[in-house]
Amino acid sequence: MKKNLKVPVDFHTRCTAGYGLASTLSAIVNGVDIVDTCMWYFAQGTSAPALELVYVFCKKMGIELDIDMEAVAGINAGLHQIRRELAAYNMVGEFPSHFNPLTNKLPTEIDRFFNDAIEAACNDKEDDLVLFCHAIEEYFNFPSFNELVQKSQIPLGMYNRVVKELKQAGHPELLESALSMIPKVRMDAGLPPLITPVSRIIASQAVLCALDKAAGRPLYSKPVYPFISYIKGQYGEPPLSVDPEFRLQITGSREEQPYDESEYEMQDNPVIPDLDVPLAENEQEILLLELFPMSARSYLTRYKHERTASLSAVSHHS
């Protein structure tokens, strides 16, 4: 990307699957302009790599960072207390070991891991790079990577949705089975990118497939409605073609049935009686009403009343 782009490149990743720190170091070695990080007590795990670890790497490589690390240390002290207060909501029981790169000297062995990781990144030795980064994370007591997320190739939000839906179904023990279904469901659906809302659809369908498997039923015995719509082609054309026989199984037809926008009827846009103004008065409000009809009605009605009351108060004051 750096060879082909003139604009600055900002690299963002998480550490859930175990590649975050290694990927960030690779990006730095390859000339990235910006990397997103997180401060020590909220870093790694399901978050972004720790700023302090990135600072050590950059210092070793002679890369200047315009960061006040003394201020960072002060902020971290406050964040440590906040995390203690949020202990009831903490998904990971243990805190990372205290570390301030300005005042704490690294043990020789750990310091060597930083050097070895940089060398591996510079020589595209990915397996070694990941190994050294995991050793660094383990030393500082950061959460280990989630192997289920790694194997299922999914983002964290999708993982959390699978966990939630299995709990709601009363079968949390089927987590590994549901995650193993995601690559299959995704391939059957034409390998869509895992972004909202498609990631949610794939997750929900994978949960139902895991329930089917556990009950001895054929897979896709109960496809969720959004999955049916997706296979019909109403979310657009997927990267890979959907097998017509699979489409027949899910939708009852071998042929695509794209969404027919000519049949769409716009939401009613009534006049608010006591104000004598339309509910939606501009393009932004009309789009809001079309996309979120129920919540937009209550929001726009309240907003118009508050705006009128505010203008009235100003006028009266004047």
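Heads up: the structure comes first, above all this text.
Residues numbered from 1 in each chain as written. Predicted model: local features only at pLDDT ≥ 70, side-chain atom pairs only at ≥ 80, totals over all residues. Heavy atoms only, no water.

**Q** What exactly am I supposed to notice about unusual backbone geometry here?
**A** Trans peptide bonds make up the majority, and among non-glycine residues the majority have a negative phi. In this chain, T196 is followed by P197 through a cis amide linkage whose omega measures 5°. Looking at the element boundaries, P197 is found in the loop between α8 (175-188) and α9 (198-215). Although it is not a glycine, D124 sits at a positive phi angle of roughly 55°. For D124, the position within the fold is in the loop between α4 (108-122) and α5 (126-139). A residue is classified by how much of its surface remains accessible, and D124, at 62% relative accessible area, is exposed. Positive phi, normally seen in glycine, also occurs at Y220, with a value near 65°. By relative accessible area, Y220 is classed as buried at 7%. (Helix = DSSP H or I, 4+ residues; strand = E, 2+ residues; numbered from the N terminus. Buried < 20%, exposed > 50% of the residue type's maximum accessible area, 1.4 Å probe, protein only.)

**Q** When you look at the pattern of salt bridges in this model, what are you seeing that I'm missing?
**A** Opposite charge on two side chains permits pairing when their charged atoms draw close. On inspection of all chains with the given rule, the structure shows 10 salt bridges. Residue R307 pairs with E281 through a salt bridge whose shortest N-O separation is 2.8 Å. Of this pair, R307 sits in helix α13 (residues 293-317) while E281 is found in the loop between β4 (277-278) and α12 (283-291), placing the two residues 26 residues apart along the sequence. A relative accessible area of 29% places R307 in the partly exposed class. Taking the shortest distance from any N to any O, the salt bridge between K304 and E285 comes out at 3.1 Å. Taken together, the residues K304 in helix α13 and E285 in helix α12 connect sequence positions 19 residues apart. K304 sits in the buried class, given a relative accessible area of 0%. Linked through salt bridges whose partners overlap, the residues forming this network are E281, E285, K304 and R307. (Salt bridge = Lys/Arg side-chain N within 4 Å of Asp/Glu carboxyl O.)

**Q** It is not clear to me how the environment of E137 should be interpreted in this structure. Could you clarify?
**A** Assignment of secondary structure puts E137 in helix α5. Judged by its relative accessible area of 10%, E137 falls in the buried class. For E137 and M69, which are 68 residues apart along the polypeptide, the C-alpha to C-alpha distance reads 20 Å. Those residues in contact with E137 that lie beyond four places of it in its chain are L21, Q44 and F142. (Contact = heavy atoms within 4.5 Å.)

**Q** Help me understand α4, please; the structure alone is not making it clear to me.
**A** For an α-helix the count is 3.6 residues per turn, leaving residues at separations of three or four pointing the same way. End to end, α4 covers 21 Å across 15 residues, agreeing with the expected 21 Å (1.5 Å per residue, within 8%). Every buried residue belonging to α4 is among I110, F113, F114, A117, I118, A120 and A121, and all of these are buried. Down the axis of α4, the buried set is contained in an arc of 165°. They therefore lie on one face. Along its buried surface, α4 packs onto α1 (20-29), α2 (51-60) and α5. Taken from the residues just after α4, D124 is the one with a positive phi, measuring 55°. (Expected span 1.5 Å × (residues − 1). Arc of directions from axis to C-beta.)

**Q** Explain the packing of aromatic side chains here, please?
**A** For any pair of aromatic rings, the description rests on two quantities: the centre-to-centre distance and the angle between the ring planes. Counted by the stated rule, this structure contains 12 aromatic pairs. Centroid distance W40 to F140: 5.1 Å. Interplanar angle 90°. Geometry classified as edge-to-face. Taken together, the residues span a long stretch of sequence, with W40 in the loop between β2 (34-35) and α2 and F140 in the loop between α5 and α6 (147-152) at a distance of 100 residues. Here Y139 and F140 contribute two aromatic rings whose centre-to-centre distance is 4.9 Å and whose plane-to-plane angle is 80°, an arrangement assigned as edge-to-face. Given the relative accessible area of 3%, F140 is considered buried. (Phe/Tyr/Trp six-rings, centres within 6.5 Å; stacked < 30°, edge-to-face > 60°.)

Fair warning: the whole summary comes from geometry, so function is off the table for now.
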